[in-house]
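Structural overview for review
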Protein chains: 2
Amino acid sequence: MSYADQSADLHRKKQGKLEIQSTFPMENSDDLSIAYTPGVAEPCRLIAADQSQAWDLTIKGRSVAVVTDGSAVLGLGNIGPEAGLPVMEGKAILFKHFANVDAYPICLDTQDVDEIVQAVKWIAPGFGGINLEDISAPRCFEIERRLEEELNIPVMHDDQHGTAIVVLAGLMNALKVVGKKIEDVCVVVAGAGAGGMGIANLLFDAGLKHMAMVDSRGMIAVGRGGMNPYKDELAAHINPEGRTGTLAEALKGADVFIGVSQPGLVDEEMVRSMAAQPIIFALSNPVPEIMPDVAEAAGAAVVATGRSDFPNQVNNVLAFPGIFKGALEARIQTITPAMRVAAASALSKMVPEPTVHKILPSPFDEGVADVVAEAVKRAA
Amino acid sequence: MSYADQSADLHRKKQGKLEIQSTFPMENSDDLSIAYTPGVAEPCRLIAADQSQAWDLTIKGRSVAVVTDGSAVLGLGNIGPEAGLPVMEGKAILFKHFANVDAYPICLDTQDVDEIVQAVKWIAPGFGGINLEDISAPRCFEIERRLEEELNIPVMHDDQHGTAIVVLAGLMNALKVVGKKIEDVCVVVAGAGAGGMGIANLLFDAGLKHMAMVDSRGMIAVGRGGMNPYKDELAAHINPEGRTGTLAEALKGADVFIGVSQPGLVDEEMVRSMAAQPIIFALSNPVPEIMPDVAEAAGAAVVATGRSDFPNQVNNVLAFPGIFKGALEARIQTITPAMRVAAASALSKMVPEPTVHKILPSPFDEGVADVVAEAVKRAA
């Protein structure tokens, strides 16, 4: 049976994936008097006197809201908040399993930027962090920026930064395998949505100097059609000469391709046109921009995908549980670029001797979230 | 050690009372592919095609948001959303323990009626019901009414209706003990906040014909000072002649006193002034309007309090878990007065032979939530 069918069946059998449990005993009237009235008045009073006590005395200190508006769920598009719930529940159980962070899905019945910002601000008191999820670009950029400015708890749009952290970790090791340095290489990113923008920004934070970004109309360039302010800003930085052209043109002589775009976008000829020992991250899921065997046959030195059935899976579950674990433990108010680079670097070092088929740890390796959390806390 | 100290200690040790658990296995890469990508796309697709599938395939069908603005937490007053969180977490674990309903606390950073309504509407897609909690009167009445009108999931302000259902259940049995009928008796309710209003409305729904309600200025009456539209409406109904006066005056010849007000409000003389075999529900917590031994010495036939260390505890945990369990299982859109009366009647019948010291079941009796849930479903 396919994963799809198994998933649908199990979701129906279990009525979703997460449930609430009590950390307190609840067997008799005394237990009730401690967990609830009259005893519960005491932690309430302590928090009323000192609001920061909420971090110690309630779930706030270990909880994250997984917030979506259902506008860009997986590759399924704008399917709405109810239909996004299985992904948000999935996120919540991954938070728990991999980092012991208690996350709860919040699926919003609005897709207006101002309203999403307002809704998240209103529900924030009960949470220690906000994981934005599957919100379409470019709205996601403004929502994240405004919430970061206006809230005193960490906010992260995982589609941007979770993926970017794992891509950077994998790229650090892939570059080690081929003996190149991030400062020297040229990277072509295909896809200028949340994932592409997050990757582009983080690679620059990590020292990259040469990049082209390609969307459905080709290389982004100031003044070209189909740009938004976020593409404009990036284009002004990476493409000051206003170069235009196709993906095939961008790839000529490039060292690295990173696709967060669509199946089959890259062919063998494009791979052959790249610099020696090209690195291919074909992250379109489930069907990559180019299949690994095809890319390798065309000369790719290292190939990564988003799939668990090929080597080098770029899986954001390597990043987000540990990022929030560290942020919650250190009560970090803002997750900075330096923390993201530190997290990527720590992840890459979990594979001390990277090889062509092993540039990233597995999510099931012991201690991944702790390594990431410690890196975030050290960078704070 | 007092309940207060034990509660504060345990809250600190456990960092709050609730945590998230997965209903899915999560041991290896296959599990991940079923719970999360790529498998999770299938339940998403099914819900996108038919939104009602969210009830079967996600936590929505068994989840309740416990929503507060922290404006009227226990007897502590307006202590804010963070300080209300221990109560909301407590509510959530009671939902789980007593009815296997998965509830999550939502503590809102606004006390504006319009904004609370808007916030709840925005977060509603992920929930199967809304339990409003510890929101001050009279704002709570408008918030509940508007949400009931505007949402297609059940909404209940527990401070009004949860308490009222248990009071009615207890009163049915207390009346049986003294051989009186609800149609014939006169009830005096002290306290015109959420609890008092909820009790007043439900007793009328159950057949009561004679009532006086007393607030801090005495009997409510149209045109008296210190009234709000909700008191006006009730006063027009119960007190058409516009009678005014003190609690002591109201109690003369009355059959039943129900206090949701303040410690020590009732003295022995007032009890002695009531009709034969008076019934006293002194629900101010933790210190009742009159202590049970004092009330009994003054001639009270049946005394109930909110405390677990006296007989006849009126505890709303007898009601709310089962009410929402029934509402979720039957996918009820609105919890009606008829359902509340049915729930109270079912609760009262769990004590087939009520006595002076046993008019209500214990929350720890087997099957309480199921009995309430079935009554709600039958009344639907």
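Predicted, not measured: the structure shown is a model, and the values here were computed from it.

1. Looking at the overall build of chain A
Across its full length, chain A carries 16 helices and 11 strands. By its C-alpha atoms, chain A is 75 × 45 × 40 Å across when sized along the principal axes. Every one of the 380 residues in chain A was classed for burial, and the buried ones make up 61%. A fraction of 65% describes how many contacts in chain A between residues 6 or more apart in sequence connect residues 24 or more apart. Taken as a whole, chain A presents about 13200 Å² of accessible surface, with 48% of it coming from carbon and sulfur. The distance from the centre of the 31 positive side-chain charges to the centre of the 48 negative ones in chain A is 3 Å.

2. Focus on the relation of the copies chain B and chain A
Of the two same-sequence chains, chain B is brought onto chain A (RMSD 0.0 Å, axial shift 0.0 Å) by a rotation of 180°. Taken together, the turn and the small shift mark the pair as related by a two-fold rotation axis. Relative to the rotation axis, the closest C-alpha in chain B is found at Ile20 of chain B, a distance of 2.5 Å. Looking at the interface residues of chain B, 100% of them are also at the interface in chain A, so both copies use one shared face.

3. Quick notes on the packing of aromatic side chains
The geometry of an aromatic ring pair comes down to the distance between the two centres and the angle between the two planes. Residues and elements named next belong to chain A. According to the stated counting rule, one finds 12 aromatic pairs over all chains in the structure shown. Considering the side-chain rings of Phe95 and Phe324, the 5.6 Å spacing of their centres and the 75° angle between planes classify their relative orientation as edge-to-face. Residue Phe95 is found in helix 5 (residues 80-99), and its partner Phe324 is found in helix 14 (residues 320-329); the two are separated by 229 residues along the sequence. The buried category is assigned to Phe95, whose relative accessible area is 0%.

4. Let's talk about the sheet that holds strand 8 (residues 218-219) of chain A
All names here are of chain A. A sheet is described by the order of its strands in space; here 6 strands give the open sequence 8-7-6-9-10-11, paired in mixed fashion. Among the strands making up the open sheet, the edge pair consists of strand 8 and strand 11 (302-305). When strand 7 (residues 210-215) meets strand 8, the two strands line up antiparallel, connected through 2 bridges. Within strand 8, the residue paired with Asp215 across the bridge is Gly218. Here helix 8 (residues 158-178) sits on the sheet in contact with strand 9 (256-259), strand 10 (279-282) and strand 11, set at roughly 155° to strand 10.

5. A word on the nonpolar core
Formed by 233 residues in total, the largest nonpolar core has its most connected members in Ile106 and Phe281 of chain A together with Ile106 and Phe281 of chain B. Non-local contacts of Phe281 of chain B, meaning those with residues more than four positions away in its chain, are made with Val167, Gly170, Leu171, Ala174, Phe257, Ile258, Gly259, Ala304, Val314 and Ile359 of chain B.

6. Here's the deal with the interface of chain B and chain A
Each partner contributes to the interface: chain B provides 95 residues, whereas chain A provides 95 residues. Interface of chain B and chain A: buried area, both sides summed, is about 9000 Å²; carbon and sulfur atoms make up 68% of it. If you sort the residues of chain B by the area they bury against chain A, Ile20, Tyr36 and Trp122 of chain B come out on top, with a joint share of 10%. Here chain B and chain A share 2 salt bridges between them. Note that Lys96 of chain A and Glu19 of chain B form a salt bridge whose closest N and O atoms lie 2.8 Å from each other. The tally of links between chain B and chain A comes to 38 residue pairs in polar contact (both at pLDDT 80 or more). Secondary-structure elements contributing two or more residues to the side of chain B that touches chain A are helix 1 (3-14), strand 1 (18-22), helix 2 (29-35), helix 3 (41-49), helix 4 (54-57), helix 5 (80-99), strand 3 (102-107) and helix 6 (113-123) of chain B.

7. Some words on the environment of Ala137 of chain A
Following the sequence through the fold, Ala137 of chain A ends up in the loop between strand 4 (129-132) and helix 7 (139-150). Apart from residues lying up to four places away in sequence, Ala137 of chain A is in contact with Gly193 and Ala194 of chain A.

8. Focus on the packing of helix 8 of chain A against helix 15 (residues 337-349) of chain A
Residues and elements named next belong to chain A. One way to put it is that helix 8 packs onto helix 15 with a least axis distance of 8 Å and a crossing angle of 45°. Comparing the axis directions of helix 8 and helix 15 gives the class oblique. When the axes of helix 8 and helix 15 are compared, the crossing they make is right-handed. Where helix 8 abuts helix 15, its residues His161, Ile165, Val166, Leu168, Ala169, Met172 and Asn173 lie against Arg340, Val341, Ala343, Ala344, Ser345, Leu347 and Ser348.

9. What about the side chain of Gln313 of chain B?
Residues and elements named next belong to chain B. With respect to the helices and strands, Gln313 occurs in the loop between strand 11 (302-305) and helix 14 (320-329). From its side chain, Gln313 meets the backbone oxygen of Gly306 in a polar contact 3.0 Å long. When residues no more than four places from it in sequence are discounted, the contact partners of Gln313 are Thr305, Gly306, Arg307, Ser308, Leu318 and Leu360.

10. So, the pattern of salt bridges
Residue and element names in this part refer to chain A. Scanning all chains against the criterion turns up 44 salt bridges over all chains. Across the pair Asp215 and Lys231 runs a salt bridge whose closest N-O atoms are separated by 2.8 Å. Here Lys231 lies in helix 10 (residues 229-238) and Asp215 lies in strand 7, a separation of 16 residues in the sequence. Where salt bridges share partners, they join Asp114, Lys121, Glu142, Arg146 and Glu150 into one cluster.

11. Comments concerning the pairing of strand 2 (residues 63-68) of chain A
Residue and element names in this part refer to chain A. Counting buried positions along strand 2 yields 6 of 6 residues, so the element is predominantly enclosed. Residue alternation in strand 2 divides its side chains into two sets, Ser63, Ala65 and Val67 and Val64, Val66 and Thr68, and both sets are buried. After leaving strand 2, the chain enters helix 5 and then returns to the sheet as strand 3 (residues 102-107), a path that is right-handed. With 4 bridges joining them, strand 2 and strand 4 adopt parallel strand pairing. Bridged to Val64 within strand 4 is Gly129.

12. Thoughts on the pairing of strand 3 of chain B
Residues and elements named next belong to chain B. The element strand 3 is largely enclosed, with a buried count of 6 among its 6 residues. Neither face of strand 3 is exposed, since Asp102, Tyr104 and Ile106 on one face and Ala103, Pro105 and Cys107 on the opposite face are all buried. The pairing of strand 2 (residues 63-68) with strand 3 spans 6 bridges and is parallel. Residue pairing across strands places Val67 opposite Ile106, the latter belonging to strand 3.

Cut-offs and rules
- Residues numbered from 1 in each chain as written.
- Chains lettered and ligands numbered in written order.
- Predicted model: local features only at pLDDT ≥ 70, side-chain atom pairs only at ≥ 80, totals over all residues.
- Heavy atoms only, no water.
- Helix = DSSP H or I, 4+ residues; strand = E, 2+ residues; numbered from the N terminus.
- Buried < 20%, exposed > 50% of the residue type's maximum accessible area, 1.4 Å probe, protein only.
- Contact = heavy atoms within 4.5 Å.
- Areas by Shrake-Rupley, 256 points an atom, 1.4 Å probe, with all protein chains shown as cover.
- Lys, Arg positive; Asp, Glu negative; His and termini not counted.
- Charge placed at Lys NZ, Arg CZ, Asp CG, Glu CD.
- Least-squares fit on C-alpha atoms with pLDDT ≥ 70 in both.
- Phe/Tyr/Trp six-rings, centres within 6.5 Å; stacked < 30°, edge-to-face > 60°.
- Pairing = 2+ DSSP bridges.
- Axes fitted to C-alpha atoms, helices over the stretch in contact; angles between N-to-C directions.
- Core = buried A, V, L, I, M, F, W, Y, C linked by side-chain atoms within 4.5 Å.
- Buried area = accessible area lost by both parts, 1.4 Å probe.
- Salt bridge = Lys/Arg side-chain N within 4 Å of Asp/Glu carboxyl O.
- Polar contact = N/O pair within 3.5 Å; in protein donor to acceptor, adjacent residues only side chain to side chain.
- Parallel < 35°, antiparallel > 145°, perpendicular 65-115°, else oblique.
- Left-handed = near helix turned anticlockwise from the far one by under 90°.
- Right-handed = clockwise from strand over helix to strand, strands pointing away.

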